[in-house]
Structure formats: structure tokens, C-alpha cells
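One-letter residues, chain by chain:
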Amino acid sequence: MIKKMIFSVVALSALITSCSSDDDSLVLLPGAQTSDLTLNLNGLEALGDDFVYEGWIIVDGEPVSTGTFSSVTFPQTFSVNTAQLNAATTFVLSIEPAIDLDPAPADTKILVGDFSGDTANVNSGIVGDFSNAAGAFFLRTPTDETGTNNGNDQYGVWFGTPGMPPVSNFNLPELPDGWAYEGWVVGDSGPLTTGRFNVFNMADDSAPFSETSQAGPPIPGEDFFINAPMGETFPLDIRNRTVVISVEPVPDNSPSPFSIKPLLGTAGMETAPSTHNFMQNLNSLPTGMVTR
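Since the structure is predicted, the reported quantities are computational estimates derived from the model, not experimental observations.

Peer 1: Is there a simple way to explain the overall build of the chain in this structure?
Peer 2: For the chain, the count of helices and strands is 1 helix and 17 strands. In the chain, buried positions account for 50% of the 292 residues. Taking the intrachain contacts of the chain between residues at least 6 apart in sequence as the baseline, contacts between residues at least 24 apart amount to 66%. Looking at the chain as shown, the accessible area adds up to about 13,100 Å², and 51% of this sits on carbon and sulfur atoms.

Below you can see the structure in the form of C-alpha cells.
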């Protein structure tokens, strides 16, 4: 189950205070007057069967659920207690387990915005500020080397600057709890993971396709030699392929990249020591408008 946390509202990007399970003021009582809350959001993707989106309004510093949804077709309208809706200062959207016994919002908050009048413009600033996102990668196959370069560096991609050892060069924000970065290479059958990471100067959390005889360098990345998925032929030549850094919810039940992809790049023909720069992909960041 997604880890929960307590947080307070102090600004647009601030975290919200977790609700108390015995606070009757957060319950929509039968017969209470309700008003419409309309969500018109962009850039969200379907979460599958195990997770849902849940909206929250912040009333007197406390989160009040506005309901859950799975469809990412908008606009969508929800009935909310009128008094609470009128008093709301902020709207927050989180990702929650489909079966969730914890009444508090999860760590995976994806959109937030303060109300100005009857409208809240929401964005993903609660996940991170990607306006200065940058980085580079190089082609090399360190897990296939035994002291000398095998001359097949086109089969691996690593995120950083080559050296002894290579070093990270990401300019990315530290993510809050509930989120992790993940690298991808677009293969012949679709995106192939290079592993997840939250620390840039350490190896990532997995090496599904790298050789096992030699450890990789202390940065995220992957060689593509073993365990080829259906539709792929390994070793995989990375040259001229798309390379992606995404931001993923934790936990994540999808084998594909999440909608937040702050960095995109195309591998050129040159292998290490040459590097290839990522480009910003800020259009992938979800946004929207909430009206009451």
C-alpha cells in the first residue's frame, strides 16, 4: 500500500495535513447541501486496475476527499458539501490504492493549486520544479568489459559524463516521497526500462538486461545483452533511439513510462567519450483547472 505522510499547507507547492479518521466534519452527511466541483485536467494517464485518482480540498488546514475516479476523460464533475467547498483554499490530486482503508491522502500527490475566487489552476509543482531540467548520457557497455573495451559500446546507455569513474550530470529536483525517476530506451517493441533511481551518483535499483560478470558504474544506466523481451533482439543497438527520463509513482503497477517525462533525448552515432544531451519535455507535465 502506498506510504502515507502528514503535511501542512503553507503555499501552492506545500504538502497538506493528513486527515483524522474520527473527524465527523469531513463526512458528507445525508441531506447536506452539495455543490458541483468540476475538474478539467490535462496530461493524466490511466492507472490500471489497482490505483485511482482522488481529489481533495483543503478546508481549515484539513483534507476533504472530493471523490475518486479512473477515467482520464474530462471534464468531470463531483458533488461536494457546499459549506466545505466554499471554504476550501486549495485543491490537491493524489494517486491512491483502489482498495484503500487509510482515509489520509497518499504520498503520491500529482497536482495542486490554490483557489482564486471559484477557480484553481493546478500543476505538478508538488512533484518537482522541472523548469531547469537537464542532463546527458553516453553509450558504453561496462558490464561486458573485463579490463579492456570490447568495441561494442553501442549496446549500452549510461546517464552522466564518462570518466574513471563516470559522474552524474543531472540537473533534476529531489523528488518527494511517493515518486522515483526511471530511465528508458525505446526499443523495437516499446519502452525498455534502465532502472529506477532517486540518487544520481549511484547505480539504479535493477539491471534486467546487463551482463552479470562485471558490475556497472556508480550512475544509473543499462547494457542490453540478456533477457530480451518478446519483440526485441539483443544486443540492442542504442544509436538513433529515443532515451527518456520519467517520474514514476511508487508503487507502480504499470510496465510503461508514466505521463511525467521531463527529459527526452536521441542517441547519436558516437559512443563514449562522446555524450548526448537530453532536451526538456515540459509539455508532458500534467496541468488543469478546477472550478467550484
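Peer 1: Sorry if this is basic, but what is going on with the environment of G156 here?
Peer 2: Structurally, the position occupied by G156 is in strand 9 (residues 156–159). The class for G156 is buried, based on a relative accessible area of 0%. In sequence terms G156 and L236 are 80 residues apart; their C-alpha atoms lie 8.0 Å from each other. When residues no more than four places from it in sequence are discounted, the contact partners of G156 are F138, L139, R140, T141, E222, D223 and I238.

Peer 1: Please clarify how empty space enclosed by the protein should be interpreted in this entry.
Peer 2: In this approach a probe as big as a water molecule rolls over the atoms, and the regions it shows empty are the leftover space. For the structure shown, the criterion picks out 1 cavity of 30 Å³ or more. The space that makes up the largest cavity amounts to roughly 70 Å³. Lining of the largest cavity is provided by E45, A46, L47, F51, I95, P249, P251, D252, N253, S254 and F258. Within the lining of the largest cavity, the residues separate by chemical class into 7 nonpolar, 2 polar and 2 charged.

The rules behind the values
- Residues numbered from 1 in each chain as written.
- Predicted model: local features only at pLDDT ≥ 70, side-chain atom pairs only at ≥ 80, totals over all residues.
- Heavy atoms only, no water.
- Helix = DSSP H or I, 4+ residues; strand = E, 2+ residues; numbered from the N terminus.
- Buried < 20%, exposed > 50% of the residue type's maximum accessible area, 1.4 Å probe, protein only.
- Contact = heavy atoms within 4.5 Å.
- Areas by Shrake-Rupley, 256 points an atom, 1.4 Å probe, with all protein chains shown as cover.
- 1 Å grid on protein atoms, 1.4 Å probe; cavity = no way out; pocket = protein on both sides within 12 Å on 5 of 7 lines; lining within 4 Å.
- Points joined across faces, edges and corners; volume = space filled by probe spheres on them.
- Nonpolar A, V, L, I, M, F, W, Y, C, P; charged D, E, K, R; others polar.

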